[in-house]
Amino acid sequence: MIRTVSRAVTLDSLMPYLGAVALIIAGSFFFPQVLSVDYLTQQLQIAAFLGLLATGATIVILLGHIDLSVPWVLTGAAILSTAMVGTGNPVLSVLAVPAALAFGALIGLINGMGVAILRIPSMVWTLAVNSMLLGLAVLNTGGFNPRGESSPLMVAMASGDVLGLPLSFLIWIAVCVGLTWVLVRTPFGRYLRSIGFNEKATFLSGVSTPSVVFAAFAIAGMCSALGGVMLAGYANQAYQSMGDPFLLPTIAAVVIGGTSILGGRGGLFGTIGGALFITLLTSILSVMQIGDAWRNIIFGAIILAMLLFQTLRKGAAQ
Amino acid sequence: MLEYAKSNRREVIAAAVLIVLLATYLGTHPRGASTYVMTIWANQCLILGLAACAQFFAVVVRGIDLSVGAVMALTNTIASYLLDGSAGGIALGMIAVVGAGALCGLLNGAIIVFGRIQPIVVTLATASIFVGLALLLRPTPGGAVNYDLADAMTLDVLGIPTALIITAVVVFAFWLPFRRTGLGLGLYALGSSEQAAFQSGIDTRLVRLAAFTLAGIFAGLAGLFYSFVTTTGDAGIGPGFTLNSIAAVVLGGVLLRGGVGSLVGALAGAFILKTIASLMFFSGIPSLAQPLFEGLILAGAIAIGGADVLRARNKLEVFK
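Residues numbered from 1 in each chain as written. Chains lettered and ligands numbered in written order. Predicted model: local features only at pLDDT ≥ 70, side-chain atom pairs only at ≥ 80, totals over all residues. Heavy atoms only, no water.

**Thoughts on the overall build of chain A**
Okay, step 1: Across its full length, chain A carries 14 helices and two strands.
Okay, step 2: Computed over its C-alpha atoms, the radius of gyration of chain A comes to 19 Å, within 12% of the 20 Å expected for a compact globule of 318 residues.
Okay, step 3: With the C-alpha coordinates of chain A rotated into their principal frame, the extents come out at 60 × 55 × 40 Å.
Okay, step 4: Put simply, chain A has 318 residues, and 56% of those count as buried.
Okay, step 5: For chain A, the proportion of contacts with a sequence separation of at least 24, taken over those separated by at least 6, is 79%.
Okay, step 6: A total of about 12900 Å² of accessible surface is found on chain A, and carbon and sulfur atoms cover 71% of it.
Okay, step 7: Between the centroid of the 12 positive side chains of chain A and the centroid of its 8 negative side chains there is a distance of 18 Å. (Helix = DSSP H or I, 4+ residues; strand = E, 2+ residues; numbered from the N terminus. Rg over C-alpha atoms; globule rule 2.2 N^0.38 Å. Buried < 20%, exposed > 50% of the residue type's maximum accessible area, 1.4 Å probe, protein only. Contact = heavy atoms within 4.5 Å. Areas by Shrake-Rupley, 256 points an atom, 1.4 Å probe, with all protein chains shown as cover. Lys, Arg positive; Asp, Glu negative; His and termini not counted. Charge placed at Lys NZ, Arg CZ, Asp CG, Glu CD.)

Structure representation (structure tokens):
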């Protein structure tokens, strides 16, 4: 257990946590209510949506790839699950969440097929998959907001709480703990990182690299779908393009968390911090009623500053 | 000629696909191959074409530029302030617009080279900054561009769409001579193998800086031309162009791992992408199904590009 933790926690991955604490302290000077329990638990609840997406993205980025199909896997899962509940059929309502997860896994497998078998760069293939899903959604809903509603289970997953902690946060952390165990303790986790470092060498050591790629993309798809289901529960509906604003913050959360975009190095502990940091940053900037323009500028500048700090620290250490 | 076709296989295939698509488009268009149809088609193609050129310069040095759309939005909003008034003022304004694009590219390059951060992450962050600046300039779409100038740039000269003439200028007056210069070769050297380039005495930092600055210049040109077509400034145009520019360069045979492809290919890829979209419009496919077909064709085209895998003689060849 201790070994698992010490391997998952690195100095890089602590950075966003320090950043988040700094944000809370700085924010509390302007708005004391930032320090209230209500505000902070609400942030944990909201961070879970971005966090789940970033969890899936971390797995794919560790592999040395990237998944740009997140927005429409999320939207598709939300549309699918709310439509199934919207039929009013109790059996379909119960199956809504599993069906959405299966949908995410299926898209993940399609992503993996293009990347592992056809050897298409993941950045382009997942982009193409994203636009096909967009097309399917438009065809299916006629371009209007899809009809349907969230089941009580989906609402509870997004807005419920257990012992004062938001259920969405607990689900997110549970997924992260499970996946961290997989990453650190199973062969799959080792293969994943070693493919990120050097795919050829991993293949030559007898690892079936395509199956690792398939599994990684399937996990990422399921994480995106889970995020979509919970967002639909949060908003009590699905809507077109609900995933689009999440794509870039997702990648930013992973990278701020110390995971190398080239693959191989990093982990989920940092990603949790990254998602918390970005959620807090967005929230505090909007609490301060800063306009859209400056919010974008400050957001970009702070991400750049954190990245520069990370590389400068490494440069000094060498 | 055959030798040329062989050594530029990717560009030749892209060009052939483009010609077939264009012929189909003109054949199905209710108004046929008129100058009017060609002009609208060429304008749409050139906007994405210039964006794809920007993406090409980042990709050829084994980078990627996620800020192409954001730089376009920023230069578009700048253009909506500067491109109206006296002739001299407009001329200076055009230089300022492209210069702003160059500065954005230089900033990207400087952070990538001196901060030693991956291009994808740097441009992700700077894109947010550039969009923010664009929103500062134009919180809501508006502004104006001199109509005479816009007409001159987006209509036709003696029946030939101006956009096609600009494309020809970019290829023949800029790209073909540029590819033979030291910098042009350096881009390919750096993209193929940074270590080998460094050891042959190429200043890799300078070349990478130049590549991203060129990307910024072309993104600025794309923003400028976009302003001529729409004659307003809009800070929200970015996201679609960034992702489409990546798809366009890949369709045009530029490899994302760097060092392979050409500006001509990038342009051809962009033209193919836009022609497919225009074809959809007149194809008789129900409008709701069009986005799906566009996605399917994009995926199909990319998958065919990936069919090189089938020619690998040894399984290890696919791990490049």
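**With respect to helix α13 (residues 263–282) of chain B**
Residue and element names in this part refer to chain B.
Okay, step 1: If you check α13, its first and last C-alpha atoms are 29 Å apart, about what 20 residues at 1.5 Å a residue would give, namely 28 Å.
Okay, step 2: Of all 20 residues making up α13, 15 are buried, and the element is well covered by its neighbours.
Okay, step 3: Directly beyond the C-terminal end of α13, a positive phi value near 85° is found at G284. (Expected span 1.5 Å × (residues − 1).)

**Examining the confidence of the model for chain B**
Okay, step 1: Per-residue pLDDT for chain B has a mean of 84; in total, 94% of the residues score no lower than 70.
Okay, step 2: The lowest-confidence element of chain B is helix α1 (residues 2–7) of chain B, averaging 70 in pLDDT; the highest-confidence one is helix α11 (residues 204–230) of chain B, averaging 92. (pLDDT = per-residue confidence, 0-100.)

**Focus: the interface of chain B and chain A**
Okay, step 1: On the side of chain A, 46 residues touch chain B, which itself brings 39 residues to the contact.
Okay, step 2: For the pair chain B and chain A, the summed buried area comes to about 3700 Å², and 84% of that belongs to carbon and sulfur atoms.
Okay, step 3: The tally of links from chain B across to chain A stands at zero salt bridges.
Okay, step 4: Applying the counting rule to chain B against chain A returns one residue pair in polar contact (both at pLDDT 80 or more).
Okay, step 5: The element best represented in the side of chain B that touches chain A is helix α6 (residues 119–137) of chain B, accounting for 13 residues.
Okay, step 6: Of the residues that constitute the side of chain B that touches chain A, the class distribution is 30 nonpolar, seven polar and two charged. (Buried area = accessible area lost by both parts, 1.4 Å probe. Salt bridge = Lys/Arg side-chain N within 4 Å of Asp/Glu carboxyl O. Polar contact = N/O pair within 3.5 Å; in protein donor to acceptor, adjacent residues only side chain to side chain. Nonpolar A, V, L, I, M, F, W, Y, C, P; charged D, E, K, R; others polar.)

**Considering the state of the cysteines**
Okay, step 1: In the structure shown here, the tally under the stated rule is zero disulfides over all chains.
Okay, step 2: Of all cysteine sulfurs in the structure, the one in C223(A) sits closest to C176(A), which takes part in no disulfide; the separation is 7.9 Å. (Disulfide = S-S within 2.5 Å.)

**A look at the side chain of S93(A)**
Okay, step 1: With respect to the element layout, S93(A) can be found in helix α5 (residues 90–117).
Okay, step 2: Those residues in contact with S93(A) that lie beyond four places of it in its chain are M84(A) and V85(A).

**Focus on the packing of aromatic side chains**
Residue and element names in this part refer to chain B.
Okay, step 1: Tallied over the full model, the rule gives 15 aromatic pairs over all chains.
Okay, step 2: Centroid distance W41 to F271: 5.7 Å. Interplanar angle 85°. Geometry classified as edge-to-face. Of this pair, W41 sits in helix α3 (residues 35–60) while F271 is found in helix α13, placing the two residues 230 residues apart along the sequence.
Okay, step 3: Centroid distance W175 to F178: 6.1 Å. Interplanar angle 40°. Geometry classified as tilted. Within this pair, W175 and its partner F178 are both found in helix α8 (residues 162–179), separated by three residues, close to a single helical turn.
Okay, step 4: Of the residues examined, F178 reaches a relative accessible area of 10% and is grouped as buried.
Okay, step 5: Joined through ring pairs, the aromatic side chains of F56, F57, F174, W175, F178, Y188 and F218 make up one cluster. (Phe/Tyr/Trp six-rings, centres within 6.5 Å; stacked < 30°, edge-to-face > 60°.)

**Observations concerning the packing of α8(B) against helix α9 (residues 182–192) of chain B**
Residues and elements named next belong to chain B.
Okay, step 1: Contact geometry for α8 and α9: axes closest at 6 Å, N-to-C directions at 70°. By the angle class used here, α8 and α9 are roughly perpendicular. In this structure, α8 uses W175, F178 and R179 to contact α9, whose residues at the interface are L183, G184, L185, L187 and Y188. (Axes fitted to C-alpha atoms, helices over the stretch in contact; angles between N-to-C directions. Parallel < 35°, antiparallel > 145°, perpendicular 65-115°, else oblique.)

**Remarks on the nonpolar core**
Okay, step 1: Grouped together as the largest cluster of nonpolar side chains are 206 residues, with contacts concentrated most on W172(A), L192(A), F56(B) and F57(B).
Okay, step 2: Sorting elements by how many residues they give to this core places α3(B) first, with 18 residues.
Okay, step 3: Apart from residues no more than four positions distant in its own chain, L192(A) is found in contact with I59(A), L62(A), L63(A), L183(A), V212(A) and A216(A). (Core = buried A, V, L, I, M, F, W, Y, C linked by side-chain atoms within 4.5 Å.)

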